[in-house]
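Structural overview
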Amino acid sequence: MTNTWPLARGTVPEREAFAFGATTLFVLFAGDAVPNTLTWVGAGVLWAAVAVWGVTVLVRAKPPLVRTPWALWAFLGWCLVTLIWSHWRFATLPSLFVQVVCAAVAFAIASTLTWRRIADALSLALRWVLLLSLLFEAVVAVVVRHPIAPIWTDYGDADIPDAFYFSRAELFTGGRIQGLPGNANLLAMVALLVAIVVAVQFAEGRLRRNQAIGWLVVAGLGLVLTRSSTVLAAALVVVLVALAAVAIRRVPTERRTPRYLLVAAGAAVVAVAGVLLRGPVSELLGKGSDATGRGEIWAKVLGLIDQHPVVGWGWIGYWWPGIPTLADLAHRKGVVYLQAHDAYLDVWMQTGIVGLVLFAVYVVTTLSRSWACATRIGYDAALRPRTFDPVSLLPLLVVVALLVQSVAESRLLYQGNWVLFALFAIKTRIVLTGEEPVSAGDGPRTPPAARAFRWAGSR
């Protein structure tokens, strides 16, 4: 049975818990591939089936809410309160229902898998998304040789924007590939997350060297072929944060103040440089000085914020195309963008300054616990300091990557990013990486160097 310490009062087979976690993450990060191949009806059926599976796992595991992040539920509670004055009330309730179900799914995974098994599930899911994306783009470029549209569309001979295609067949033309997610930026984030989790698994001894090198090359190829400036910036920040966390972790707690001051100064320098150089760097990457029209979208969203700055317009998450106020807001080259391209502006516009403060608390507390995972020195039952476990870096690096992306994308508020962030928020509240017992779960065979951790659970 699964190791659900310290909260769960029920039990779920470890194989099922792992299969559920990997399946859920794969389906969510596959993005547009689901509706583009199954139609929206088929996608709805699949998403509903995964949600029902998650609810059954949660019911059988019976984890209490006592040590889950109150900031998450406070933010969702305020989103529900906005139903009172929502300007799109018909959309607020179903959108919030989906949001809560996704949080429950994250709760199910966090309550039934240990940190190492979460890493395994995330790695398995995202590696498949990345690999199938590259294979898909190769087939389209070599066999089909022309852009393909989603299965549920028939544009005929109409001249449509490139963004409407599932794949633009640009693998060998110098363009940016979109893969299964149907978006170059989202595929780039998948590649970055693959690089993070594979590096952690290799450091843990859970992937052989050749496997790890191969997947890191594939992840690097994904980053090169997508050329996402946002994700490249996120990758740079992730590397810097990893170095800072390791540097802090190597120093005893009572002697960390000078290093914290140095890290704070370095963070300030990087932040200022990022602001000052965002225009030139964006133009160098072919995005334009306003990050491919994002400046114009942000200005229009700020205009909506000015009308209802305190309580917002009402929660909606991903903008519904049938709402004129939102559907007519962000147009670019024939494409209607249904997000603010900034999670924090989106939250402010929808839930007002009150919701933004609650969301900020949720983000900051999750980041703080993730930092504690990476830098806190754990102790065993005999009060001896534990050795450093590379998996301790996983929550911090993933959370940082998602937060950097959230400055230019609103994906942190829905779909895979929302579930993944909630997963780490809940899991870090349940137990920090350095305080979790070793796993005795039955899962995929680990490399010989890592089998000791499984044996330890049965001694």
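Please read all numbers here as calculations on a predicted model, not as lab measurements. (Residues numbered from 1 in each chain as written. Predicted model: local features only at pLDDT ≥ 70, side-chain atom pairs only at ≥ 80, totals over all residues. Heavy atoms only, no water.)

**Description of the overall build of the protein**
Formally: Counting from the N terminus, the helices are DSSP H or I runs at least four residues long and the strands are E runs at least two residues long. Working definition: with a 1.4 Å probe on protein chains only, accessible area under 20% of the residue-type maximum means buried, over 50% means exposed, and in between means partly exposed. Note that accessible areas follow from Shrake-Rupley with a 1.4 Å probe, and for residues the cover is restricted to the protein chains shown.
Counting its regular elements, the protein contains 15 helices and 2 strands. By the burial criterion, 52% of the 459 residues in the protein qualify as buried. A total of about 20500 Å² of accessible surface is found on the protein, and carbon and sulfur atoms cover 68% of it.

**Some words on the packing of helix 8 (residues 229-249) against helix 12 (residues 343-375)**
Inclusion rule: Lines fitted to the C-alpha atoms define the axes, with helices restricted to the stretch that makes contact. Angles between their N-to-C directions range from 0 to 180 degrees. Any angle that falls under 35 degrees is termed roughly parallel, while one over 145 is termed roughly antiparallel, one within 65 to 115 roughly perpendicular, and all others oblique. Between two residues, a contact is recorded if the distance between any of their heavy atoms is within 4.5 Å. Classification used: nonpolar for Ala, Val, Leu, Ile, Met, Phe, Trp, Tyr, Cys and Pro, charged for Asp, Glu, Lys and Arg, polar for all others including Gly.
For the pair helix 8 and helix 12, the least separation of the axes is 8 Å and the interaxial angle reads 55°. As far as their axial angle goes, helix 12 and helix 8 are oblique. Contact residues: helix 8 offers Ala244, Ala245, Ile248 and Arg249, while helix 12 offers Trp371, Ala374 and Thr375. Split into classes, the residues belonging to the contact of helix 8 with helix 12 amount to 5 nonpolar, 1 polar and 1 charged.

**Side note on unusual backbone geometry**
Leaving glycine aside, a negative phi is the common case for residues, and trans is the common case for peptide bonds. At Arg145, a residue that is not glycine, the phi angle is positive and equals roughly 65°. Considering the arrangement of structural elements, one finds Arg145 in the loop between helix 5 (115-144) and helix 6 (184-204). Residue class for Arg145 comes out exposed when judged on its relative accessible area of 66%. Unusually for a residue other than glycine, Ala169 sits at a positive phi of about 55°. Its place among the elements puts Ala169 in the loop between helix 5 and helix 6. Residue classification places Ala169 among the buried positions, given a relative accessible area of 14%.

**Quick word on the environment of Ser111**
This is how the line gets drawn: Polar contact criterion, stated in full: a pair of N or O atoms within 3.5 Å, where within protein one must be able to donate a hydrogen and the other to accept it, and residues adjacent in sequence count only if both atoms are side-chain atoms.
As for its placement among the helices and strands, Ser111 is situated in helix 4 (residues 89-112). Sequence-wise, Ser111 and Pro63 are 48 residues apart; in three dimensions their C-alpha atoms are separated by 6.6 Å. Here Phe107 takes part through its backbone oxygen, which lies 2.8 Å from a polar atom of the side chain of Ser111.

**Observations regarding the confidence of the model for the protein**
Applied cut-off: Residue-level confidence of the predictor is summarised by pLDDT, bounded by 0 at the bottom and 100 at the top.
Overall, the prediction assigns the protein a mean pLDDT of 84, with 86% of residues at 70 or greater. Counting contacts from residues 441-459, a segment whose pLDDT is below 50, to residues more than four positions away or on other chains yields 33 contacts.

**Some points on the nonpolar core**
Here is the rule: Residues enter a nonpolar core if they are buried and are Ala, Val, Leu, Ile, Met, Phe, Trp, Tyr or Cys, with the set joined through side-chain atoms within 4.5 Å.
Within the largest apolar cluster, 108 residues are counted, with the highest numbers of intra-cluster contacts made by Leu192, Leu193, Ile196, Tyr362, Val398, Trp418 and Leu420. With 13 residues, helix 5 is the largest single contributor of residues to this core. Core analysis: the second largest hydrophobic core is formed by 17 residues, Leu304, Ile305, Trp313 and Ala330 among them.

**Overview of the side chain of Ser133**
Considering the arrangement of structural elements, one finds Ser133 in helix 5. The buried category is assigned to Ser133, whose relative accessible area is 0%. Only 3.0 Å separates the side chain of Ser133 from the backbone nitrogen of Leu180, close enough to count as a polar contact. For Ser133, the residues in contact, after removing those within four places along its chain, are Gly179, Leu180, Pro181 and Leu187.

**What about helix 1 (residues 14-29)?**
Each full turn of the α-helix corresponds to 3.6 residues, which orients residues three or four apart in the same direction. For the record, the criterion: Expected span, for any helix, means 1.5 Å times one less than how many residues it has.
Compared with the 22 Å implied by 1.5 Å per residue over 16 residues, the 23 Å span of helix 1 between its first and last C-alpha is a close match. Turning to helix 1, its buried residues number three or more, namely Glu14, Ala17, Phe18, Phe20, Gly21, Ala22, Thr24, Leu25, Val27 and Phe29. Buried residues in helix 1 make contact with helix 2 (33-61), helix 4, helix 5, helix 6 and helix 14 (415-430).

**Regarding the environment of Pro252**
Of note, Pro252 is situated in the loop between helix 8 and helix 9 (257-284). As for Pro252 and Ile377, which are separated by 125 residues in sequence, their C-alpha atoms are 8.3 Å apart.

**A closer look at the packing of aromatic side chains**
Our working definition: The pairing test for Phe, Tyr and Trp rings, Trp by its six-membered ring, is centres within 6.5 Å, and the orientation test on the planes gives stacked under 30 degrees, edge-to-face over 60, and tilted for anything in between.
If you walk through the whole model with that rule in mind, you get 14 aromatic pairs. Ring centres of Tyr318 and Tyr414 lie 5.1 Å apart, and the angle between their planes is 80°; this geometry places the pair in the edge-to-face category. Here the residue Tyr318 occupies a position in the loop between helix 10 (294-307) and helix 11 (324-327), and Tyr414 occupies one in the loop between helix 13 (393-405) and helix 14, the gap between them amounting to 96 residues. Tyr318 sits in the partly exposed class, given a relative accessible area of 37%.

**Focus: the pattern of salt bridges**
Rule in force here: Salt bridge criterion: a side-chain nitrogen from Lys or Arg within 4 Å of a carboxyl oxygen from Asp or Glu.
The full count for this structure, using the stated rule, is 8 salt bridges. The partner of Glu16 in a salt bridge is Arg60, with the nearest N and O atoms 2.5 Å apart. One end of the pair, Glu16, is in helix 1; the other, Arg60, is in helix 2, and 44 residues separate them in sequence. Among the charged side chains, a network of salt bridges with common partners joins Glu14, Arg117, Asp120 and Arg206.

**Focus: the packing of helix 3 (residues 70-81) against helix 4**
Threshold: When the near helix sits turned anticlockwise from the far one by under a right angle, the crossing is termed left-handed; a clockwise turn instead gives a right-handed crossing.
It is the contact of helix 3 with helix 4, at a shortest axis distance of 10 Å, that shows an interaxial angle of 165°. Classified by the angle their axes make, helix 3 and helix 4 are roughly antiparallel. Both helix 3 and helix 4 take part in a crossing whose hand is left-handed. Residue-level contacts link Leu72, Trp73, Leu76, Cys79 and Leu80 of helix 3 to Thr92, Leu93, Leu96, Gln99, Val100 and Ala103 of helix 4.

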